[in-house]
Amino acid sequence: MKRRARRASAMIEFVIVFPIAMAFLMLSIDVGRVYMTANSLQLATSRAVRAGAIYGAAGKTPQSETQPCVSYPGSVREDYVVLDTFCSSLYSLPGGGSIISGTTRLKISGGPGETQICSKSNPNIKIEATVSVASMVPGAGALLSGGSSDSTLPGSWSVYLQSAAVCEVVTE
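Worth saying up front: this structure is predicted, and the values here are computed from it rather than measured.

J.: Could you clarify how one ought to interpret the pattern of salt bridges in this entry?
T.: Using the criterion set out here, one finds three salt bridges in the structure. A salt bridge links Asp 30 to Arg 33; its shortest N-O distance comes to 3.1 Å. Here Asp 30 pairs with Arg 33, and both are found in helix H1 (residues 2–55), just three residues apart, close to one helical turn. Taking relative accessible area as the criterion, Asp 30 reaches 1% and is therefore assigned buried. In this structure Arg 33 comes out as partly exposed when scored by relative accessible area, which is 30%. When the shortest N-O distance is used, the salt bridge between Arg 105 and Glu 128 registers 3.6 Å. One end of the pair, Arg 105, is in strand S1 (residues 103–109); the other, Glu 128, is in strand S2 (residues 124–134), and 23 residues separate them in sequence. Under the relative-accessibility criterion, Arg 105 is labelled partly exposed at 26%. Classification of Glu 128 as buried rests on a relative accessible area of 11%. Here the salt bridges share partners, and the residues they tie into one network are Arg 105, Lys 126 and Glu 128.

What follows is the structure, encoded as structure tokens:
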């Protein structure tokens, strides 16, 4: 009888501990994926604003803020310096394709005009990017984002990054 009682208590312990341990493991993996996304996004935005600052213009903004890299041709175009550098940086990183597909908003701001050429009145280039990272743990995205529902994917974490640079080439 004691042996059956020990087996039953071991089974009950397993049933209680296993789901908690699995949720903790998946949450750890999620945090790692969010951290990787934030690092990749930081690198891409930094490279993009730096390229625009060297060139002296932010270039045209993406036609769609929600899918910015759809029209990326594979090389940096003169009219889309910041956008194309951002897309090429993400495509070159591990997991960059999933970051691009999760990009919910990309806003590029520079100088005046369609190509946003740097001027004395506005010598900065700024890029803002928001990415949704789908969570493996149900409800974890709501915990991390503070319960806000500004992400497009339910059960996802939002990563927001902003980079800016002062233009090296400034027109009058």
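The structure having been displayed, the exposition proceeds.
J.: Would you mind going over the packing of aromatic side chains with me for this structure?
T.: Pairs of aromatic rings are described using the distance from one ring centre to the other and the angle between the two planes. Considering all chains together, one arrives at one aromatic pair under this definition. Judged by centre distance (5.1 Å) and plane angle (25 degrees), the ring pair of Phe 14 and Phe 18 falls under stacked. Of the two residues, Phe 14 and Phe 18 are both situated in helix H1; the distance of four residues between them amounts to about one turn of the helix.

J.: Please clarify how the environment of Ser 75 should be interpreted in this entry.
T.: Counting through the fold element by element, Ser 75 comes out in the loop between H1 and helix H2 (81–92). Taking relative accessible area as the criterion, Ser 75 reaches 43% and is therefore assigned partly exposed. Through-space distance from the C-alpha of Ser 75 to that of Cys 87 is 9.4 Å; in sequence the pair is 12 residues apart.

J.: Please clarify how the pairing of S2 should be interpreted in this entry.
T.: The side chains of a regular strand alternate between the sheet's two faces. Most of S2 is tucked away, with eight of its 11 residues classed as buried. Sheet analysis places S1 next to S2, joined by six bridges and oriented antiparallel. Within S2, the residue paired with Lys 107 across the bridge is Glu 128.

J.: Help me understand a positive patch on the surface, please; the structure alone is not making it clear to me.
T.: A grouping of Lys 2, Arg 3, Arg 4, Arg 6 and Arg 7 is seen on the molecular surface, where their side chains present a positively charged patch. Tracing the backbone through its elements, the reader meets Arg 7 in helix H1. On the accessibility criterion, Arg 7 (53% relative accessible area) is exposed.

J.: What am I meant to see in the sheet that holds S2 here?
T.: Strand pairing within a sheet occurs via backbone hydrogen bonds; the two strands may be parallel or antiparallel. Read from one edge to the other, the open sheet built from three strands follows the order S1-S2-S3, with strand pairing classed as antiparallel. Both edges of this open sheet fall to S1 and strand S3 (156–166), since each of them pairs with a single strand only. Across the sheet, the mean angle from the axis of one strand to that of its neighbour is 10 degrees, orientation sign disregarded. When S2 meets S3, the two strands line up antiparallel, connected through 11 bridges. Of the residues in S3, the one forming a bridge with Asn 124 is Val 166.

The rules behind the values
Starting from 1, residues in each chain are numbered consecutively following that chain's sequence as written. Given that this is a predicted model, residues contribute local features only at a pLDDT of at least 70 and side-chain atom pairs are listed and counted only at 80 or more, while totals for whole chains, interfaces and linings are drawn from all residues. With hydrogens and water set aside, each side-chain value is computed from the structure's full complement of heavy atoms. Put simply, a salt bridge is a Lys or Arg side-chain nitrogen that is within 4 Å of an Asp or Glu carboxyl oxygen. By the criteria applied, helices consist of DSSP H or I runs no shorter than four residues and strands consist of E runs no shorter than two, each listed in order from the N terminus. Residue exposure (1.4 Å probe, protein chains only): buried if accessible area is under 20% of the type maximum, exposed if over 50%, otherwise partly exposed. Between 30 and 60 degrees the pair is tilted, below 30 it is stacked and above 60 it is edge-to-face, where a pair is any two Phe, Tyr or Trp rings, Trp via its six-membered ring, whose centres lie within 6.5 Å. Think of it this way: DSSP has to see at least two bridges between two strands before they count as a pair. Exposure above 30% relative accessible area and the absence of a salt bridge qualify a residue for a patch, where like charges join within 9 Å and nonpolar side chains (Val, Leu, Ile, Met, Phe, Trp, Tyr) within 5 Å. Only the protein chains shown count as cover for residues, with accessible areas throughout obtained via the Shrake-Rupley method and a probe of 1.4 Å. The charge count includes Lys and Arg as positive and Asp and Glu as negative, but it does not include His or the ends of the chains. Taken as the charge location is NZ of Lys, CZ of Arg, CG of Asp or CD of Glu. A fitted line through C-alpha atoms serves as each axis, taken over the contacting stretch for helices, and the angle formed by two N-to-C directions is quoted from 0 to 180°.

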